[in-house]
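Understanding the architecture of this molecule
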Amino acid sequence: MIGAVNSKKINASSAAHIALLDQFIRLTQDTIVEQDDAFVRDSLADLLSDLRSERADYAEIIGASALNRAA
């Protein structure tokens, strides 16, 4: 039972992180488009890559949690 409660909390936390990351990803994408400076665009593109990677990590946590509940 404790594992199920913790799993729900982990999923809720991960989903909140994903939602925030999605907003930041959209903001970063919009900002990249507006930039004239190639260095700034490249820097933001690196940030965007990191944000997408972090989002994938949280999505993996949710997926792993769902698999553990099914087992």
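Refer to the structure printed above.
This report concerns the structure included in the present document.

What counts as what
Residues numbered from 1 in each chain as written. Predicted model: local features only at pLDDT ≥ 70, side-chain atom pairs only at ≥ 80, totals over all residues. Heavy atoms only, no water. Helix = DSSP H or I, 4+ residues; strand = E, 2+ residues; numbered from the N terminus. Buried < 20%, exposed > 50% of the residue type's maximum accessible area, 1.4 Å probe, protein only. Contact = heavy atoms within 4.5 Å. Areas by Shrake-Rupley, 256 points an atom, 1.4 Å probe, with all protein chains shown as cover. Salt bridge = Lys/Arg side-chain N within 4 Å of Asp/Glu carboxyl O.

Helix and strand counts for the protein stand at two helices and zero strands. For the protein, the proportion of its 71 residues judged to be buried stands at 18%. Across the protein, contacts joining residues at least 24 apart in sequence account for 62% of those joining residues at least 6 apart. Counting only carbon and sulfur atoms, one obtains 59% of the accessible surface of the protein, whose full area is about 5,200 Å².

Two side chains bearing opposite charge may form a pair once their charged atoms approach each other closely. Within the structure shown, the criterion is met by one salt bridge. R55 serves as the salt-bridge partner of D22, at 2.4 Å between the closest nitrogen and oxygen. You can see D22 sitting in helix α1 (residues 2-34) and its partner R55 sitting in helix α2 (residues 38-70), a full 33 residues away along the chain. A residue is classified by how much of its surface remains accessible, and R55, at 30% relative accessible area, is partly exposed.

The analysis is restricted to geometry; functional conclusions fall outside its scope.
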